[in-house]
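Here is what each chain is made of, one letter per residue.
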Amino acid sequence: MTDRTLIIGNKNYSSWSLRPWLLMKQGGISFAEVRIPLYTAASQAEIQRYSPAGKVPVLKDGDLTVWDSLAICEYAIAQYAPHLLPEDPQHKAIARSVSAEMHSGFLALRSRMPMNMRSRRQLPDIPTELQRDIDRVCSLWRSCRQNYGQSGDFLFGSFSLADTMYAPVVSRFTTYGVTLDPICQAYSDAIWNLPAMQEWRDAAWSEAEVIEDFDLADYAI
């Protein structure tokens, strides 16, 4: 029995919830899960039971409450899974920088390509700001794979915080049919085929909720 509980939103839509969930699964950190469907009449009140910010994800670890997806990931790594950051101090700093950039940026990608694991669609056009975000993501992936990732399939060789932060982008690129170069496609495939990612995808497909024209900014951090 664990004292850790991760409170998340819909698995089909909530990219922020995927991040700490995937990190804890990959890190071998046991936890119970509470899934709160978003955009229902009861959503806000239910989330407020767990989250001081009124958003998901939230980690309850004993008496401690940790909110914000990146804060949860950093806490879980520090307490339970230090191997999910590179050992080399410089590589660790780069991994954190790559992760923080994803956490705070790429607004066009978030708004124009919301996560929807059950969907497959093509964008009728790609605005300049969205293409800029796509190009920046691919540039980051190539740089990490070529400079730090030679020892494995992930951005820094073995699975790390950085891969957690970009896993929802892999989902988005799959949903919207983004064409990738061979390096980026191989990395995308490595994330997509993780057993934990497959578990999340299977659960997303089994969800009954359908959210039209959704914007999870109201509920996710």
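Reading the values: the criteria
- Every chain begins its residue count from 1, and numbering advances along the sequence as written.
- With pLDDT at 70 or above as the cut-off, local features in this predicted model cover only qualifying residues; side-chain atom pairs require 80 or more to be listed or tallied, and sums for whole chains, interfaces and linings still use all residues.
- Excluded from the side-chain calculation are hydrogens and water; included are all heavy atoms of the structure.
- A run of H or I in DSSP counts as a helix once it spans at least four residues, and a run of E counts as a strand once it spans at least two, with each numbered from the N terminus.
- Throughout, radius of gyration means the C-alpha value; the globule benchmark is 2.2 Å times the number of residues raised to the power 0.38.
- Here the term buried applies to any residue with accessible area under 20% of the maximum for its type, exposed to any over 50%, and partly exposed to those in between, with areas from a 1.4 Å probe on protein chains only.
- Pairs of residues are marked as contacts when any of their non-hydrogen atoms sit within 4.5 Å.
- In these tables, accessible area is a Shrake-Rupley quantity obtained with a 1.4 Å probe, and a residue counts as shielded only by the protein chains included in the view.
- For the purpose of charge, His is not counted, nor are the chain termini; Lys and Arg are scored as positive and Asp and Glu as negative.
- Each charge is placed at NZ for Lys, CZ for Arg, CG for Asp and CD for Glu.
- By nonpolar core we mean a set of buried residues, namely Ala, Val, Leu, Ile, Met, Phe, Trp, Tyr and Cys, connected to one another through side-chain atoms within 4.5 Å.
- Salt bridges are defined by distance alone: a side-chain nitrogen of Lys or Arg within 4 Å of a carboxyl oxygen of Asp or Glu.
- A pair of strands is treated as paired once DSSP finds two or more bridges between them.
- Geometry is summarised by axes, namely lines fitted to C-alpha atoms with helices restricted to the contacting stretch, and by angles between N-to-C directions that run from 0 to 180 degrees.
- The criterion for an aromatic pair is that two Phe, Tyr or Trp rings (for Trp, the six-membered ring) have centres within 6.5 Å, with stacked assigned to planes under 30 degrees apart, edge-to-face to planes over 60 apart and tilted to the rest.

Turning to the overall build of the protein, a few remarks are in order. Secondary structure summary: the protein contains nine helices and four strands in total. Computed over C-alpha atoms, the radius of gyration of the protein comes to 17 Å, within 12% of the 17 Å expected from 2.2 N^0.38 for 221 residues, which places it in the range of a compact globule. Along the longest, intermediate and shortest principal axes, the C-alpha atoms of the protein span 45 × 45 × 25 Å. Counting every position in the protein, which comprises 221 residues, the buried fraction comes to 54%. Considering only contacts within the protein whose residues lie at least 6 apart along the sequence, 73% involve residues at least 24 apart. When the accessible surface of the protein is split by element, carbon and sulfur atoms take 49% of a total near 10000 Å². Each charge class in the protein was averaged separately, 21 positive and 26 negative side chains, and the resulting centres sit 0 Å apart.

Right, let's talk about the side chain of threonine 5 for a bit. Its place among the elements puts threonine 5 in strand E1 (residues 4-8). Beyond its immediate sequence surroundings of up to four residues, threonine 5 is in contact with Ala32, Val34, Val58, Leu59 and Lys60.

A few words now on unusual backbone geometry. Along the chain, valine 56 connects to proline 57 via a cis peptide bond; the corresponding omega equals 5 degrees. Topologically, proline 57 is positioned in the loop between helix H2 (43-48) and strand E3 (58-61). Positioned with a positive phi, tyrosine 39 is a non-glycine residue whose angle comes to about 60 degrees. The class for tyrosine 39 is partly exposed, based on a relative accessible area of 34%. The backbone of aspartate 68 shows a phi angle near 85 degrees, a positive value even though the residue is not glycine. Mapped onto the elements of the fold, aspartate 68 is located in the loop between strand E4 (64-67) and helix H3 (69-80).

Judged by nonpolar contacts, the single largest core of 61 residues is most densely connected at Trp141, Tyr166, Phe173, Ile191 and Met197. The element best represented in this core is helix H7 (residues 161-175), accounting for eight residues. Residues in contact with tryptophan 141, not counting those within four places in the same chain, are Leu155, Tyr166, Val169, Val170, Phe173, Leu180, Cys184 and Tyr187. Grouped together as the second largest cluster of nonpolar side chains are seven residues, Ile7, Ile36, Leu38 and Val58 included.

Our next topic: the pattern of salt bridges. Inspection of every chain in the model, using the stated rule, returns nine salt bridges. Of the charged contacts in the structure, one is a salt bridge between glutamate 33 and lysine 11, with a shortest N-O distance of 3.0 Å. Placement of the pair is glutamate 33 in strand E2 (residues 32-35) and lysine 11 in the loop between E1 and helix H1 (15-26), with a sequence separation of 22 residues. Take glutamate 33: its relative accessible area is 37%, and that puts it in the partly exposed class. You can call lysine 11 buried: its relative accessible area is 6%. The closest approach of N and O atoms between arginine 136 and glutamate 101, which form a salt bridge, is 2.9 Å.

Judged by pairing direction, the sheet is mixed, and its four strands sit side by side in the order E2-E1-E3-E4 without closing on themselves. The sheet is open, and its two edges are formed by E2 and E4, each paired on a single side. Ignoring which end each strand starts from, the neighbouring axes of this sheet average 20 degrees apart. Alignment of E3 against E4, held across four bridges, turns out to be antiparallel. When the bridges of E4 are listed, leucine 59 appears paired with valine 66. Its contacts with the sheet put H1 on E1, E2 and E3, and the angle it makes with E1 is roughly 150 degrees. Across the sheet, H3 lies against E1, E3 and E4, angled at about 130 degrees from E4, the strand it touches most.

Attention now moves to the packing of aromatic side chains. The full count for this structure, using the stated rule, is seven aromatic pairs. Here the aromatic rings of tyrosine 75 and tyrosine 80 are separated by 6.3 Å at their centres, their planes lie at 85 degrees, and the arrangement is edge-to-face. The exposure class assigned to tyrosine 75 is buried, which follows from its relative accessible area of 19%. Tyrosine 80 gets classed as partly exposed once you look at its relative accessible area, which sits at 33%.

The values reported here are purely geometric and, on their own, carry no functional implication.
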